[in-house]
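# Residue-level structure breakdown
Here is what each chain is made of, one letter per residue.
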Amino acid sequence: MAMPRAAPALSPKADVPIEPWRLPQSDTWHVRTLASLRNESKHDFDKDGADSVAASVLLAEQTGRKGVGVLVASAPSHELDRAQKPRPLLELGGVSMVSHALWQLNSAHFALVIVVVGFKGDEIQRQLAAHIQSDPSVFEGLRLKFVDLGKGWRGGRVASLAACMPIIDELVAPDASVVVIGADHIFDASLLQEAAAVDLSGDGDEACVLVEFDLEGMHGLPTSTVFCATRPLHGADRVYNIGPDLETYSGIEAGLIVFLPATLQQLADQGRGDVRVANLLSEVARRGTLRMLKTDGRTWFSVETEESAEFTSNGLRHCGQEYVLADGKKVHLVGLPRKLETSPSDGGEWAEFSVEKWRSAVYTAKSFFQDLFVDTTDFIGKLCDELGGCSEGGPLVVEVGCGTGEALLPLMDRARYTCGVDFNPHFVEFCRQNVPQEHQERVRHIIGDAQELNTLLKNELPPAWVDENRSKIAICVGNTIGIMPPEVRKNVYEQMKLLAGVHGYMVVVYWNGNRFGDAVQNFYHKNPQLCGKFTGECIDLDTCTLTTPSGYCTHWTKPEEARAIFEKEVGAEVTALLEKGNGVLVAGRMSNIDMEARV
């Protein structure tokens, strides 16, 4: 997690007293329409309120609080239409959604939270006041400001954020970050802390979105969910495209966005007609200035449908932490502030609660495998050069299990033709959309079963690509071969060997069994979202196998085992074997004896 940054510079008066939190009833900002907002002075709120906030920042600095949050309770996070009413008072575990959201912001030690209310705004303010006053010591140092848009407000999320601009301009430094969440979302406190520490201005970025990658096990997603397209090995912290109508995507926007004040102002300036936050984020992504924050398996909720509300309520009853308020009322919360935890905890039961919670892909630990990615490109690239490179007679490179295309991309300049094969249509479509313009004529991506690889290529590729006189290189990298069922793996090996023939190559990249111990400690143990938590009993150092209680199983291959696979199982002649870092890279081809026997 990034280190927290200093609190926003608010230039408080030196003689302002420091006092415990109080509900700033006199600070309520009454705004009715977006049009009327444009007529308001940016500094038209009472002086005492401004001084009170300035004093709260001094208090926040003394208590170690960091971060400015905007909690939007006046509109749904993902809008279907402007008439859609928000549901911030929906109760989960005996506590309203908006109170859950504030609890988590407080647990993350935010210094200032601006709450935007509209429909049922008076009741929201009353509930939040009661929630805080029920245990004032827990909320000590937290400062609240309300922007009240009126009970008839139907301006939508963009207009709600536009309503905050005067107070944000007054209280937040231009280079500070503002974390925006909806009252229909709950986030693990560590996600909120990490968001508060994001420094956008330092890298010239305009915004940052929280992205979830594991699509399995979702419950109750709204039809207006916003999807994200990323390229993990080319821009590990970048979102390349974002919107509700992407046909190909690798994750979803999870409802937490970090903005610079200037970016929020752009959003406010565009707030006419049917404008949504995703519209601006799409423009920012095209400019290359939309950063990505990963959930990395941490818990978050989106309670925007009846289905997700019911599922979340059941989960809170079973897995949430019971907490007794000062008035004796028992409620269930996402987690307790550190100062109130009754026993050491690393997430435990709550980490297993899977309402719209995801596990990240292997590239979560990109740095652990980055050298292997470079070594793989170099290893295969040299084979391409040997067979003619990009010349007219150069080879066709075919990747089995191409995923989102990272391995093939740097090889497009090293071979005459390249082709990716994957059974996942979303991956293939993503690859097709992201082939560089200069390579469009020499690159293909195909949906299909690698157990029928040779037939598939003959049916889908131009005849010149698969001509019998053209050398072929069949590759399967990133330990992809290791996750295939044994029977499938056997058939894929055979298809790769047939494609390579006696003049080409089949290349398989395994994860190195001699680095298995290091991987257990520095990869799997640090990324439980990938494999689940495990103990020493789950590790077999003799066979280099990790089998966790979650059902995850992985095997790492030593060099001698890799050679035996090629020579004894596949019946291929090994032409090169390289053990380097986290990888064992093997190249082979069909032997002349094997070819003669087939003829």
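A brief report on the enclosed structure follows. (Residues numbered from 1 in each chain as written. Predicted model: local features only at pLDDT ≥ 70, side-chain atom pairs only at ≥ 80, totals over all residues. Heavy atoms only, no water.)

## Structural notes on the side chain of Ser-282
Keep this limit in mind: Per the convention used, a helix needs a DSSP run of H or I reaching at least four residues, while a strand needs a run of E reaching at least two, with both numbered from the N terminus. Residue burial is assigned from relative accessible area. The probe radius is 1.4 Å, only protein chains are included, and a residue is buried under 20% of its type maximum, exposed over 50%, and partly exposed in between. Contacts are assigned to residue pairs with any non-hydrogen atoms lying within 4.5 Å of each other.
Mapping Ser-282 onto the fold places it in helix H9 (residues 277-286). We classify Ser-282 as buried; its relative accessible area is 11%. Setting aside residues up to four positions removed in sequence, Ser-282 forms contacts with Asn-241 and Ile-242.

## What about the pairing of strand E6 (residues 143-148)?
Applied cut-off: Pairs of strands are assigned from DSSP output, requiring at least two bridges between the strands. The crossover handedness rule: strands pointing away from the viewer, path from first strand over the helix to second strand clockwise, crossover right-handed.
With six of six residues buried, E6 lies mostly within the body of the structure. Note: strand E5 (residues 112-117) against E6, six bridges, orientation parallel. Bridge pairing links Leu-112 to Arg-143 in E6. One crossover worth recording links E5 to the parallel E6 by way of helix H4 (residues 121-133), and it is right-handed.

## Looking at the packing of helix H3 (residues 97-107) against H4
What counts, and what does not: Only the contacting stretch of a helix is used when fitting its axis, a line to C-alpha atoms as for every element, and angles between N-to-C directions run 0 to 180 degrees. For classification, angles of less than 35 degrees are called roughly parallel, those exceeding 145 degrees roughly antiparallel, those between 65 and 115 degrees roughly perpendicular, and all remaining angles oblique. For any pair of crossing helices, the crossing counts as left-handed if the nearer helix is rotated counterclockwise from the farther one by less than a right angle, and right-handed if it is rotated clockwise.
In contact at an axis separation of 10 Å, H3 and H4 are set at 45 degrees when each is read in the N-to-C sense. The angle between H3 and H4 places the two elements in the oblique class. Seen along the crossing, H3 lies across H4 with a hand that is right-handed. Counted together, Val-98, Ser-99, Leu-102 and Trp-103 of H3 and Ile-124, Gln-127, Leu-128, His-131 and Ile-132 of H4 form the full contact between these two elements.

## Some remarks on the sheet that holds strand E23 (residues 545-547)
Taken together, three strands build an open sheet; the order of strands is E22-E23-E24 and the sheet is antiparallel. With one partner strand each, in any of the chains shown, strand E22 (539-540) and strand E24 (553-555) form the two edges of the open sheet. The pairing of E22 with E23 spans two bridges and is antiparallel. Bridging across to E23, Ile-539 finds its partner in Leu-546.

## Focus: unusual backbone geometry
Glycine aside, the phi torsion of most residues is negative, and most peptide linkages are trans. Even without a glycine there, the phi angle at His-109 is positive, about 65 degrees. As for its placement among the helices and strands, His-109 is situated in the loop between H3 and E5. Residue class for His-109 comes out partly exposed when judged on its relative accessible area of 30%. A positive phi angle, near 60 degrees, is found at Lys-120, a position not held by glycine. When you line up the elements, Lys-120 lands in the loop between E5 and H4. Of the residues examined, Lys-120 reaches a relative accessible area of 47% and is grouped as partly exposed.

## Considering the environment of Gly-403
Looking at the secondary structure, you find Gly-403 in the loop between strand E17 (396-400) and strand E18 (417-422). Classification of Gly-403 by relative accessible area gives buried; the value is 16%. As for Gly-403 and Phe-430, which are separated by 27 residues in sequence, their C-alpha atoms are 9.0 Å apart. The residues contacting Gly-403, other than those within four sequence positions of it, are Asp-422, Phe-427 and Cys-431.

## Focus on the packing of aromatic side chains
Spelled out, the test is: Under the pairing criterion, centres of Phe, Tyr and Trp rings, with the six-membered ring standing for Trp, must be within 6.5 Å; the plane angle then separates stacked pairs below 30 degrees from edge-to-face pairs above 60, leaving the rest tilted. A positively charged side chain is recorded as over a ring if its NZ (Lys) or CZ (Arg) lies within 6 Å of the ring centre. The angle to the ring normal must also be within 35 degrees.
Under the defined criterion, the tally for this structure stands at six aromatic pairs. Measuring from ring centre to ring centre gives 5.9 Å for Trp-103 and Phe-139, while their planes differ by 75 degrees; the resulting arrangement is edge-to-face. Residue Trp-103 is located in helix H3, and its partner Phe-139 is located in the loop between H4 and E6; the two are separated by 36 residues in the primary sequence. Judged by relative accessible area, Phe-139 falls into the buried class, the value being 1%. On the numbers, 4.3 Å between centres and 20 degrees between planes, the contact of Tyr-417 with Trp-465 is stacked. Of the two residues, Tyr-417 sits in strand E18 while Trp-465 sits in the loop between helix H14 (453-460) and strand E20 (472-476), which places them 48 residues apart along the sequence. What makes Trp-465 buried here is its relative accessible area of 3%. Lying across the ring of Tyr-505, Arg-589 places its NZ or CZ 4.4 Å from the centre.

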